[in-house]
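# Descriptive structure summary
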Amino acid sequence: MNAPARPKKSFGQHFLHERRYIERIVAAISPRSDDFLVEIGPGEGALTFPLLTVAGKLTAIELDTDLIPRLQQQAAGIGELSIVHADVLKVDFTALAQRAGVTRLRIAGNLPYYISSPILFHCIDHAAAITDMHFMLQKEVVDRMAAEPGSKVYGRLSVMLQVACRVVPLFDVPPGAFRPPPKVDSSVVRLVPIPPEERHDADPARLHAIVKAAFAQRRKTLSNALRQLMDAEAIRAAGIDPKVRAEMLAPMDFVALAKGRES
Ligand code: SAM
């Protein structure tokens, strides 16, 4: 049995140790033996080994070299663990699925919080190759992801996530469940990508630019906030009142703006 790893702050390491939360996450994922399961940041294997026990095989992406030998050692006899030593932001999930000969992956992970938003955006870029995602994140981030129009925390993350996925917050996890405890509460969330045939067809770069500008100054009216990107007439042509604030628009309203004419 290996001694516990010393958690590294620079890698955002907070190792989950409370069994009941591990069990709840595994139950939420409910892996099947024919799933192609990918874990982001296995750490010491808190989720890896229970998932491997049920699924029989798993691909884990870990940046910290020091953790890899112990993961490999411990996996022997449990299942087929394939470890990719890489920064998850550089992993092409679409290519990974193709190489594995599967149409879609299932992704899970207790994410390193210092890059949680970039990881979410990266996964969304590969949404067509993903069946679902189960992530542990800061509770505050999950609240923003799931927020509805009019809420104080509704913003860029809510819109960009909700136009790509169904966002299902599952349960909260207190700091004491981790070693060392993070300074914030955590939450587990399920993301289910909208099927390609139902997904919006707006240009992703234009959508991103509009959403970013719209929420950069939340108190401005839409026409003021989007001044550099489109005029009031173009906003009206998309069926939206230019005098409203961005926080009152539904996620699909931003898609309508992105698909409208530029000015
Ligand atoms: N899954 C483990 C658990 O629940 O105890 C560890 C979770 S810990 C919060 C985050 C993990 O992500 C660590 O193992 C860390 O080394 C890894 N990590 C950090 N940055 C990463 C990156 N850019 N790419 C892949 N893994 C990363």
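Looking at an unreviewed UniProt entry, one finds the protein named Ribosomal RNA small subunit methyltransferase A, with Dyella nitratireducens as its source organism. You can read under Sequence similarities (unreviewed entry) in the UniProt record for the protein the words "Belongs to the class I-like SAM-binding methyltransferase superfamily. rRNA adenine N(6)-methyltransferase family. RsmA subfamily." Note on the protein: under the UniProt heading Subcellular location (unreviewed entry), the record states "Cytoplasm".

Across its full length, the protein holds eleven helices and nine strands. By the compact-globule yardstick of 18 Å for 263 residues, the protein fits well, its C-alpha radius of gyration being 20 Å. Taking the principal axes of its C-alpha atoms as reference, the protein extends roughly 65 × 40 × 30 Å. Pairs at least 24 residues apart make up 60% of the contacts formed inside the protein by residues separated by at least 6 positions.

Now for the site of the ligand. Taken together, 24 residues surround the ligand, and among them Phe11, Gly41, Gly43, Asn110 and Pro112 come closest. Where the shell around the ligand is concerned, the elements lending two or more residues are strand S1 (15-16) and strand S3 (57-62). In the shell around the ligand, the residues fall into 14 nonpolar, six polar and four charged.

It is worth spelling out the environment of Pro175 at this point. Structurally, the position occupied by Pro175 is in the loop between strand S7 (165-173) and strand S8 (178-179). Setting aside residues up to four positions removed in sequence, Pro175 forms contacts with Pro181, Pro182 and Asp185.

Counting buried residues in strand S5 (residues 105-110) gives six out of six residues, a clear majority hidden from the surface. Both strand S2 (residues 37-40) and S5 contribute to a ladder of three bridges, which runs parallel. The residue bridging Glu39 from the neighbouring strand is Ala108, located in S5. Strand direction decides the pairing type here: S5 and strand S6 (residues 130-138), joined by six bridges, are parallel.

The UniProt entry lists His14, Leu16, Gly41, Glu62, Asp87 and Asn110 under the feature "binding site: S-adenosyl-L-methionine" (unreviewed entry), expressed in the numbering used here. Residue placement: Gly41 occurs in the loop between S2 and helix H2 (48-55). Beyond its immediate chain neighbours, meaning those up to four positions away, Gly41 contacts Glu62, Gly109, Asn110, Leu111 and Pro112. Inspection of the secondary structure assignment puts Glu62 in strand S3. In contact with Glu62, not counting residues within four places along its chain, are Gly41, Pro42, Leu67, Ile68, Ile83 and His85.

A word on the confidence of the model for the protein. Across the protein, the average pLDDT comes to 95, with 98% of residues at 70 or higher. Here the prediction assigns the complex a pTM of 0.95, and the interface score ipTM is 0.99.

It is worth spelling out the sheet that holds S3 at this point. In space, the seven strands of this open sheet follow the order S4-S3-S2-S5-S6-S9-S7, with mixed pairing throughout. At either end of the open sheet lies a strand with only one pairing partner, and these are strand S4 (80-85) and S7. The average angle at which neighbouring strand axes cross in this sheet is 20 degrees, direction not considered. Sheet topology places S7 next to strand S9 (residues 186-193); eight bridges connect them, and they run antiparallel. Bridged to Arg166 within S9 is Val192. Strands S2, S3, S4 and S5 of the sheet are contacted by H2, whose axis makes an angle of about 155 degrees with S3. Along the sheet, helix H3 (residues 68-75) makes contact with S3 and S4, crossing S4 at roughly 170 degrees.

Before going further, it helps to spend a moment on the domain arrangement of the protein. When the domains of the protein are assigned, the result is domain 1 (9-198) and domain 2 (204-259). At the junction of the two partners, domain 1 supplies nine residues and domain 2 supplies eleven residues. Split by residue class, the side of domain 1 that touches domain 2 holds five nonpolar, three polar and one charged.

Of all hydrophobic cores here, the largest spans 66 residues; its most connected members are Leu51, Leu105, Ile107, Ile130, Ala214 and Phe254. Per element, the largest residue contribution to this core is five residues, and it comes from S6. Per-domain counts for this core show at least three residues from each of domain 1 (9-198) and domain 2 (204-259). Not counting residues within four places of it along the chain, the set of residues in contact with Ala214 comprises Leu222, Ala225, Leu226 and Ala246.

What follows concerns helix H1 (residues 19-29). For H1, the full list of buried residues reads Tyr21, Ile25 and Ile29. The arc enclosing the buried residues of H1, seen along the axis, measures out at 75 degrees, which places them on a common side. Set apart from the buried face of H1 by more than 90 degrees, the exposed residues are Arg19, Arg20, Glu23 and Ala27. The inward-facing, buried residues of H1 abut S1, H2, S5, S6, S7 and S9. Ser30 sits one or two positions beyond H1 and adopts a positive phi of about 50 degrees.

Calculation criteria
- All residue numbers refer to position in the chain's written sequence, counted from 1.
- Thresholds applied to this predicted model are a pLDDT of at least 70 for local features of residues and 80 or more for the giving and counting of side-chain atom pairs; totals over whole chains, interfaces and linings are not thresholded and use all residues.
- UniProt positions are given in the numbering used here, feature names are shortened, and annotations may be inferred rather than shown by experiment.
- Only DSSP runs of H or I covering at least 4 residues are called helices, and only runs of E covering at least 2 are called strands; the numbering of each starts at the N terminus.
- Only C-alpha atoms enter the radius of gyration, while the globule expectation follows 2.2 Å times N to the 0.38, with N the number of residues.
- Here contacts are defined at the residue level, using C-beta atoms placed from the backbone and a cut-off of 7 Å between them.
- Think of it this way: take the backbone, place a C-beta atom on it, and check whether that atom is within 6 Å of the molecule or strand, in which case the residue is near it.
- Residue polarity is assigned by list, with Asp, Glu, Lys and Arg as charged and Ala, Val, Leu, Ile, Met, Phe, Trp, Tyr, Cys and Pro as nonpolar; anything else, Gly included, falls into the polar class.
- With C-beta atoms placed from the backbone, the exposure class of a residue follows from how many other C-beta atoms lie within 10 Å of its own: 20 or more, buried; 12 or fewer, exposed; in between, partly exposed.
- Strand pairing is assigned whenever DSSP identifies at least 2 bridges connecting the two strands.
- pLDDT expresses how confident the predictor is about each individual residue, on a scale running from 0 to 100.
- Axis angles are defined between N-to-C directions and span 0 to 180 degrees, where every axis is a line fitted to C-alpha atoms and, for a helix, only to the segment in contact.
- Throughout, the edges of the domains are those of an automatic or database domain assignment.
- By definition, a nonpolar core groups buried Ala, Val, Leu, Ile, Met, Phe, Trp, Tyr and Cys residues that connect through C-beta atoms lying within 7 Å of each other.
- Read the arc as the range of directions from the helix axis to the C-beta atoms.

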